[in-house]
Amino acid sequence: MSADTLATARPAVELEGITKRFPGVVANHDIRITVRPGTVHAIVGENGAGKSTLMKILYGMQKPDEGTIRVNGEEVSFRTPSDAIEVGIGMVHQHFMLADNLTVLENIVLGAEPKKFARLDTAFARRRITELAESHGLRVDPDKLVEDLGVGDRQRVEILKVLYRGARILILDEPTAVLVPQEVEELFQNLRELKSEGLTVIFISHKLDEVLGIADEITVIRRGTTVASVDPGDVTARQLAELMVGSELPTPETRESTVTDVVTLKIGNLTMGADGHRPGADPAKLREEGRRLLLDDVSFEIHQGEILGIAGVEGNGQSELIEAIMGIRPAHGTIELAGQDISGWSTLRRRESGIGYIPEDRHRQGLLLEASLWENRVLGHQTRKPARRGIWVNRRASRADTQRIVEAYDVRTPGVDTLALALSGGNQQKLIVGREMSGEPKFLIAAHPTRGVDVGAQAAIWDHLRDARAAGLAVLLISADLDELIGLSDTLRVIYRGRIVAALDPTDITPERLGGYMTGAIAGTEES
Amino acid sequence: GGGSGGGTTASEAPSSEASESTLKVGLAFDVGGRGDKSFNDAAYAGLEKAKTDLGAEIKELSPTADGSNRGDLLRQLADAGYNPIIGVGFAYGDDIKKTAAEYPDIQFAVVDSASNGPNVTGLLFAEEQGSYLAGVAAATKSEADHVGFVGGVENDLIKKFEAGFVAGVKSVKPDAKIDIKYLTPDGDFSGFKAPDKGKVAAEKMYQDGADIVYHAAGDSGLGVFQAAAAAKKKAIGVDSDQRQTVKETNLQGVIMTSMLKRVDVGVFEFIKAFQGGAKGGTNVTYDLKVDGVGLSTTGGEIDDIKDKLDAAKQDIVDGKITVPTKP
Amino acid sequence: MPAGLNRALLTVVGAVVAIVLAIAISSVAIIAAGADPVAALTAFFDFGASERSVSNNIAAFLNRSVPLFISGLAVAVGFRMNLFNIGVEGQYRLAAIVAAYVGSTFTAPAPIQIAVIVVVAAAVGGLYALIPAVMKVTRGVNEVIATIMLNYIAINLTSFLVRGPFAGERAEGQLTTTTPKLGESAMFPNINFIFDWFGQPPPTRGGGVWGFLLLAVVLGVVVWAVLERTRFGFGVKASGLNGPAALASGVDPRKMIIAAMVMSGAIAGLIGLPEILGDRGAFNSNFTAGLGFLGIAVALLGRNKPVGIAFAALLFAFLDRAQGALQIAEVPASVVTIIQGVIVLLVVVANEVTNRLALRLEERRAAQQLGSNTPVEVAA
Amino acid sequence: MTRIGKYHVALIGVAALILLMSLVRVVTGEDDITSSGTFGAALMLSVPIGLAGLGGLWSERAGVVNIGLEGMMVLGTWFAGWAGYQWGPLAALLAGLLGGALGGLIHAVATVTFGVDHIVSGVAINLLGPGITRFLSEVLYKEGTPAAEAGAGITSSPAIGSPPRPSLPLLSDGPDLLGKLEQTHWFLLSDIAGILRGLTHNVNVLVILAVLLLPLTFYVIWRTAFGLRLRSAGENPWAAESLGVNVYLIKYLAVVISGAFAGLGGVFLVFVSTKYVEGQTAGRGFIGLAAMIFGNWRPGGLAIGASLFGYADGLQLRSNGAITSFFLFGAVLLLAYLVIMARRMLAPGRPADLAVRSAKDYTLMAVAAAGMVVLFWLWLTVDQLPNEFVFITPHVLTLLVLLVASQRLRMPKADGVSYRRGEQH
Ligand SMILES: Nc1ncnc2c1ncn2[C@@H]1O[C@H](COP(=O)(O)OP(=O)(O)OP(=O)(O)O)[C@@H](O)[C@H]1O
Ligand SMILES: Nc1ncnc2c1ncn2[C@@H]1O[C@H](COP(=O)(O)OP(=O)(O)OP(=O)(O)O)[C@@H](O)[C@H]1O
Ligand SMILES: [Mg+2]
Ligand SMILES: [Mg+2]
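Small disclaimer: the values here were computed from a predicted structure and weren't measured.

Parameters and conventions
- Residues numbered from 1 in each chain as written.
- Chains lettered and ligands numbered in written order.
- Predicted model: local features only at pLDDT ≥ 70, side-chain atom pairs only at ≥ 80, totals over all residues.
- Heavy atoms only, no water.
- Buried < 20%, exposed > 50% of the residue type's maximum accessible area, 1.4 Å probe, protein only.
- Helix = DSSP H or I, 4+ residues; strand = E, 2+ residues; numbered from the N terminus.
- Pairing = 2+ DSSP bridges.
- Contact = heavy atoms within 4.5 Å.
- Buried area = accessible area lost by both parts, 1.4 Å probe.
- Salt bridge = Lys/Arg side-chain N within 4 Å of Asp/Glu carboxyl O.
- Polar contact = N/O pair within 3.5 Å; in protein donor to acceptor, adjacent residues only side chain to side chain.
- Nonpolar A, V, L, I, M, F, W, Y, C, P; charged D, E, K, R; others polar.
- Axes fitted to C-alpha atoms, helices over the stretch in contact; angles between N-to-C directions.
- Parallel < 35°, antiparallel > 145°, perpendicular 65-115°, else oblique.
- Left-handed = near helix turned anticlockwise from the far one by under 90°.
- pLDDT = per-residue confidence, 0-100.
- Core = buried A, V, L, I, M, F, W, Y, C linked by side-chain atoms within 4.5 Å.
- Expected span 1.5 Å × (residues − 1).
- Arc of directions from axis to C-beta.
- Patch = residues over 30% accessible without salt bridge, like charges linked within 9 Å, V, L, I, M, F, W, Y side chains within 5 Å.
- Areas by Shrake-Rupley, 256 points an atom, 1.4 Å probe, with all protein chains shown as cover.

Peer 1: With reference to specific residues and values, describe the pairing of strand 1 (residues 24-28) of chain B.
Peer 2: Residue and element names in this part refer to chain B. Counting buried positions along strand 1 yields 5 of 5 residues, so the element is predominantly enclosed. Covered by surrounding structure in strand 1 are Lys24, Gly26 and Ala28 together with Val25 and Leu27, the residues of both alternating faces. Pairing of strand 1 with strand 2 (residues 57-61), which is carried by 5 bridges, proceeds in the parallel orientation. Looking at the pairing, glycine 26 lines up with lysine 59 of strand 2. Bridging between strand 1 and strand 3 (residues 85-87) involves 3 bridges; their strand directions are parallel. The partner of leucine 27 across the bridge, within strand 3, is isoleucine 86.

Okay, structure coming up:
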């Protein structure tokens, strides 16, 4: 590759002996990385290994306790991100850093505004952005509000933000987590183009095959320390994973089918309009009038002991589907649980009648971060045993049951009185899984049950789901991780623009083909 | 209410404190407190006069902004050995009654409220009589036969002003038009502190043709004067001689006269009477007869109608005219 | 448990530091005003020379704290759910006048009559608070503006009622408009007997120490139990900490908004009662105003917890009581307001700082006990 | 495209409103509905509310809730009075601005540096403002001080010189063409003349300044680089931080400016009354906040909100009778609503809507019809409302408007969030 010709050049980034301590945690310990210019350098590691922290240090958002940073051979010390921007470093964060109510243009120029006197020179900015977008193949409309954009577009805005500042070194922290394969490929095409222009890319991902596909060099971080630096040509994904965790990679494979012919959940013609809900309206008419529909005539059944997976690019109606089933948002159509129509029921009554819910965003919908673990155990079960005693909350029983969950689900915590925010994401997720299983649900919604959870916890959660399924639980699984979807599901449906466009058999589908359905590239052929 | 059984022990405090029978006078202001350039300050002037003329030792206290501690101020004065004690403002009526019952050996007085205990003197002012004269003056001086009244807060005290003024105007020109406006309802005392609102209300009256507006609106009266100055018309002040107390020279000229309410006289006379051994249980009304109310003459603008005013005053003093206290 | 203890200790230390700082700042102001800060400080503790005066001042202090406490509770119930009920002011005034009027229309044995008055007050306050709650739930109207507007409306309505439909007999020459006087049986018995325990003469002040104090304590305990121990309180807490999570857990936010607002309003309705039932026997046009706004400060100072609110109310009442004593000591009495403002500000700053410290400690403890993420094993 | 559409709709709305007001005036004979006096008063009464609201806008657009506007406004009045009597109106203006800004600074220190809950800090400032000013008065204005000689008391400062009050020559002054036209009481023409004259005749210079501050605020916040940073701090401070924006600095500036605006509102009150009067703010800080929320955190909307208060307040101060004509006004509005609804329902080719709307809409229409009848009946029978009901007009109107419009409101996303550098949400 071109890397050979550049080998003699001064390294773009050199990190030496970086150490960063947080109260009680050493996030980075004596990290050493050298990034050659004009290459894509991947950094991999488990959750909480310290990747994001390291990148934030390189971007001036956090100060290292020890160690030196050299950019293009010069030693630097950053106080704020603007110092890093000045020497040509740009970062795309793990979570989008966009202001929804501002336009694409405003988001891009923020902090580096072109000015005519005090006035924001929008004409100039628009020209620059269009230029950049065209030369790098990153299409966006500068005048759109960010809140109206999909994830792919947002990702492009993030990259444009960095390019706009003339960055020569790009940090991408898990940019592909929310993208479908086609979008990932598009992103990689962009990255290769950038690389050919001489830009340096630091790339973080949990998806090892992606890493192997794009990286020129790979650094592995384990528990805050660099443990290896490898050439992608020399390793397999499995070897890489073993380097990361020091153990074998678990795979989500359903062994034997436990599907029965008893229908647990039956969804019929579920339809939801984008502009509010009007009871009594006829969905067919809404469609006729050309109104935008978030859910469009969705129907399926889930049987006892079956896991039904829903594949789809984020924002195609998954959240709406879940919230309709949970009774959080009103929709037209029927929802039957064990033969009973529950579409008029409140969320509480639905939960009481045996629906469990692992929400897609545990911090938003799943936890009270500033409350103790046992109070989080009560959440969603406040009207049932053991949390309930008349009008009172049964504190003792709740504590005891939380202790049970902590033990059974291996939640690493000092105790049940610890605040939820003190736990790592994986442990928080295990607590949620334990809680949702403890109501002996008939039906479970599992939305991204292992998102952002490290491999160990991932395997544990998968096991719990399989066990429950074997015991007769019906599960609606929604995930962006296609391996997880294919591996766990008994049946697969693809959702696209609020419609179920395909029913697939997980035993003979590849992630690539699935991605085709998800992006509408392959037209919906119904298989069953 | 309960708990009034402690009254018998009340005598010890004053007797032990008030040594050598020096005159120790306590006074509790109404909300706003001393330095309001108005009602409270007039009371203080009387108190100060008692200090210089009668050699009294004086203490004056202001309540909290919400007036919740009026009663406690009275008790603190009583416990500290002050006798007599004066509450300034009708809001003290209830508190004086209770405190007086608790301290039967101390003499109390309350301004603007009637006596409600054997050791309470009510210092009442016949605002309606003074306002009547203001009405006579306004009606006589009005060329448009159209006058106005701006009240700060719509409570019964201010309504006395209105009633007297209206009666006075009607006595001269029964067909005269009288515009009446209050700035805030009872219980919302911001109407006494809103010059802008006073200005808007008076402006409207002047625009509609009124040429003299009488105000009983505390600081809001300033807005009335401004409106008068802008319209090049006249206004009548209240409580003190506002042609003297208002410092703006451009406003002094519009103040035709002011309805005087001699709270200072009331307070001083009460203290003097106390020294002379007077006991409470009655009201003292400061009316036209004793010049407790009246009209100011600074500027000489009503000198030409002096006869008419004197005649009206005489009629009231003689009882030929009874001025209503309610509109 | 030691974590909780640590936290409580930190909070107390923070509060003490804040109060000391507030006193220091106010002392500077007092010196600047040419007065003596020591005299000011003594004035705060000067309850008078005679025993009777001490009793009276203690009564004044305790009595003042009662409405402040109730008001703080009312505001806190809303705050717990991130509902900002600025409308406490209007709610209590309207409730007070209606309760005073209704109470004067009949006579019954004391317990019954008092109970009826209390219930009426709570009902009126609750109903008035229902208006912004319904507006929020059905039309998404911001409760801050709605309650501000409703305060003005309540003040005007009260003024209309006290002068018109609810006006009572007045003595000749009394200018204060008032509702009809309550009968003897409507007056809440005082608790002056506690002074006997300490060998003090009972206070002669007004109704003595208002018996409503006991009711306020009971109310505090009930509010504590409801908020901390019941399922309803759990719903309130969950909605306040994380609305979307509460919703997904089956807590109906609309019901909770209405319930919390009505509960807040119902408590607010009681604010005026200690004064009416313990002392005045009627609602009049000079009735103490502004308690609803002070309640906000008290609630915040007390961190929206009943025990904290009790301390905050006592502190505010203690400071307020000194208004007269300060003036006697020739210190500008407005120093009290400054101290109150500074204390609120400093205590919340201290809260913030100690809170963060406590969280940090908790996290560190959690991490240490787990021993995870220590680089020891891979120190190669 | 949509911008222009909105602009047209707004123009048509204003035109319709003036037409309706003119109609009601002619029918009821209440000239004050559109008189220049009412609009002059409305302008005067709206300005302090609008300034407080602008203060709120600056701070909330930067993500800091400011319920302490009232306290800052109080500081503004006091300092304006104190400086004004000694050194004249210009000094009053500056001192008032500084006084308010000082309040803003305290708020900024508490909320931005220490991360105190914004409402808590605001409440503390509302306690502190009146406390500090009262204290200062007690010290500086007490008997025997030079200020007291000049006419100060504990509750008021000495008088300050009044600033100039220009008028529009020819139209509102001199020949006063508008005034003449207004006096003819012609349908519509006189109404427009009255409105224009009220807004241009004998206005305080500060009014002009205040009105100019609205477009200026819009320009700065929506058109400049600084404004973009400010809004980003209110929408997503973490994003701003990651791009090197100094969010703390922006927030500090915004909150201090916010306090200065509130202080300016106080200065205006002092200019109107020509002196500081204790308690003269009378809750305008809160009303300003309400007007700002009402106006959807935007200068234009805020102007409408403040005008609504100012107009209703001015009208009720000038005329008790005009308030009753609001009944007619309301009845006509409801009638218009009913007509529109009925037309929509009867329009052919949309049977779907009929089915969809049915129940809920019929109830709404029934309520509207009943309301119309009641209002009309009230207008015919009531000729003098008790004053208390007149006083509450602005507040009731606000509640009604909010009931209709508040679902469109959108506050800055990170408003009220306590932001700390380096700590993502
Ligand atoms: N601001 C912080 N305060 C305290 N601890 C922190 C902070 N940020 C990170 N940590 C700790 O540092 C460790 C490393 O976190 P970091 O976010 O860098 O992990 P990561 O490798 O990016 O993980 P992921 O794959 O989940 O993104 C975490 O386990 C966490 O315990
Ligand atoms: N901003 C922060 N301030 C304090 N502590 C933090 C912060 N961010 C993370 N931590 C700490 O880091 C640990 C877990 O952090 P982190 O969120 O990176 O875990 P994670 O496994 O990556 O989970 P997630 O996928 O939800 O981000 C916890 O102990 C948490 O308290
Ligand atoms: Mg993470
Ligand atoms: Mg990370």
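Peer 1: Now, about the interface of chain D and chain C: what can you tell me, with residues and values included?
Peer 2: Taken together, the 45 residues of chain D in the interface contact 47 residues of chain C. Both sides of the chain D and chain C interface together cover about 3,800 Å² of buried area, and 77% of this is carbon and sulfur. Applying the counting rule to chain D against chain C returns 1 salt bridge. The partner of Arg163(C) in a salt bridge is Glu388(D), with the nearest N and O atoms 2.6 Å apart. There are 7 residue pairs in polar contact (both at pLDDT 80 or more) connecting chain D and chain C.

Peer 1: A description of the interface of chain B and chain C should follow, citing residues and the corresponding values.
Peer 2: In this complex, chain B contributes 42 residues to the contact, which on the side of chain C involves 42 residues. When the area that chain B buries against chain C is broken down by residue, the three leading residues are Gln76(B), Asp156(B) and Asp186(B), summing to 15%. Inspection of the chain B/chain C interface yields 7 salt bridges. Note that Glu154(B) is salt-bridged to Arg163(C), the shortest N-O span being 3.6 Å. Here chain B is connected to chain C by 16 residue pairs in polar contact (both at pLDDT 80 or more). Counting only elements with at least two residues in the side of chain B that touches chain C, the list comes to strand 2, helix 3 (70-79), helix 4 (93-102) and helix 6 (156-172) of chain B. Among the elements that make up the side of chain B that touches chain C, the one with the highest residue count is helix 3 of chain B (6 residues). Classifying every residue of the side of chain B that touches chain C by side-chain character gives 11 nonpolar, 12 polar and 19 charged.

Peer 1: An account of the packing of helix 15 (residues 395-408) of chain A against helix 16 (residues 425-438) of chain A is needed here, citing residue identities and associated values.
Peer 2: Residue and element names in this part refer to chain A. Close contact between helix 15 and helix 16 brings their axes to 9 Å; oriented N to C, the two are set at 120 degrees. Taken together, the axes of helix 15 and helix 16 lie oblique to each other. Here the hand of the crossing between helix 15 and helix 16 comes out right-handed. Contacts between helix 15 and helix 16 involve Asp401, Thr402, Arg404 and Ile405 from the first element and Leu431, Gly434, Arg435 and Ser438 from the second. Broken down by class, the residue content of the contact of helix 15 with helix 16 amounts to 2 nonpolar, 3 polar and 3 charged.

Peer 1: Could you give an account of the packing of helix 3 of chain B against helix 4 of chain B, naming the residues involved and the relevant values?
Peer 2: All names here are of chain B. Across the interface, helix 3 lies against helix 4 with an axial gap of 9 Å and an inter-helix angle of 30 degrees. Taken together, the axes of helix 3 and helix 4 lie roughly parallel to each other. When the axes of helix 3 and helix 4 are compared, the crossing they make is right-handed. For the pair helix 3 and helix 4, contact is made by Arg70, Gly71, Leu74 and Arg75 and by Asp95, Ile96, Lys98, Thr99 and Glu102, respectively. In terms of residue class, the contact of helix 3 with helix 4 is built from 2 nonpolar, 2 polar and 5 charged.

Peer 1: Could you give me a rundown of the pairing of strand 1 (residues 13-22) of chain A, with the residues and numbers involved?
Peer 2: Residue and element names in this part refer to chain A. Of all 10 residues that make up strand 1, 7 are buried, and the element is covered over most of its length. Where strand 1 and strand 4 (residues 66-71) come together, 5 bridges link them in antiparallel fashion. Paired with glutamate 16 across the bridge in strand 4 is threonine 68.

Peer 1: Give me the side chain of Arg80(C): which residues, what numbers.
Peer 2: Residue and element names in this part refer to chain C. Checked against the element boundaries, arginine 80 lands in the loop between helix 3 (51-79) and helix 4 (88-104). In this structure arginine 80 comes out as buried when scored by relative accessible area, which is 15%. Here the side chain of arginine 80 touches glutamate 228 through a polar contact of 2.6 Å, side chain to side chain. Here arginine 80 is in contact with Leu227, Glu228, Val236, Gly240, Asn304 and Lys305, once residues within four sequence places are set aside.

Peer 1: For the confidence of the model for chain D, give the residues involved together with the corresponding values.
Peer 2: Overall, the prediction assigns chain D a mean pLDDT of 83, with 89% of residues at 70 or greater. Taken over the whole predicted complex, pTM reads 0.86, whereas the ipTM for its chain interfaces reads 0.83.

Peer 1: Now, about the nonpolar core: what can you tell me, with residues and values included?
Peer 2: With 362 residues, the main nonpolar core has Phe203(A) and Leu514(A) as its most contacted residues. Apart from residues no more than four positions distant in its own chain, Leu514(A) is found in contact with Ala311(A), Leu482(A), Ile486(A), Leu492(A), Val494(A), Leu504(A) and Ile509(A). Ala216(B), Ile236(B), Phe268(B) and Ile302(B) belong to the second-largest nonpolar core, a separate cluster that totals 61 residues.

Peer 1: Kindly report on helix 12 (residues 306-317) of chain B, identifying the contributing residues and their values.
Peer 2: All names here are of chain B. Look at helix 12: 16 Å from first C-alpha to last across 12 residues, which is about the 16 Å you get at 1.5 Å a residue. When we look at burial in helix 12, the residues that qualify are Leu309, Ala312 and Ile316. Seen end-on, helix 12 carries its buried residues on one side only, within an arc spanning 65 degrees. Elements in contact with the buried residues of helix 12: helix 5 (127-141) and strand 12 (293-295). Looking one or two places after helix 12, you find glycine 319, whose phi comes out positive at around 85 degrees.

Peer 1: Break down a nonpolar patch on the surface for me, citing the residues and quoting the values.
Peer 2: On the surface, Val353(C), Leu102(D), Leu105(D), Val109(D) and Phe114(D) cluster together into a nonpolar patch covering about 360 Å² of accessible area. In this fold, Leu105(D) is placed in helix 4 (residues 89-113). Given a relative accessible area of 38%, Leu105(D) falls into the partly exposed group.

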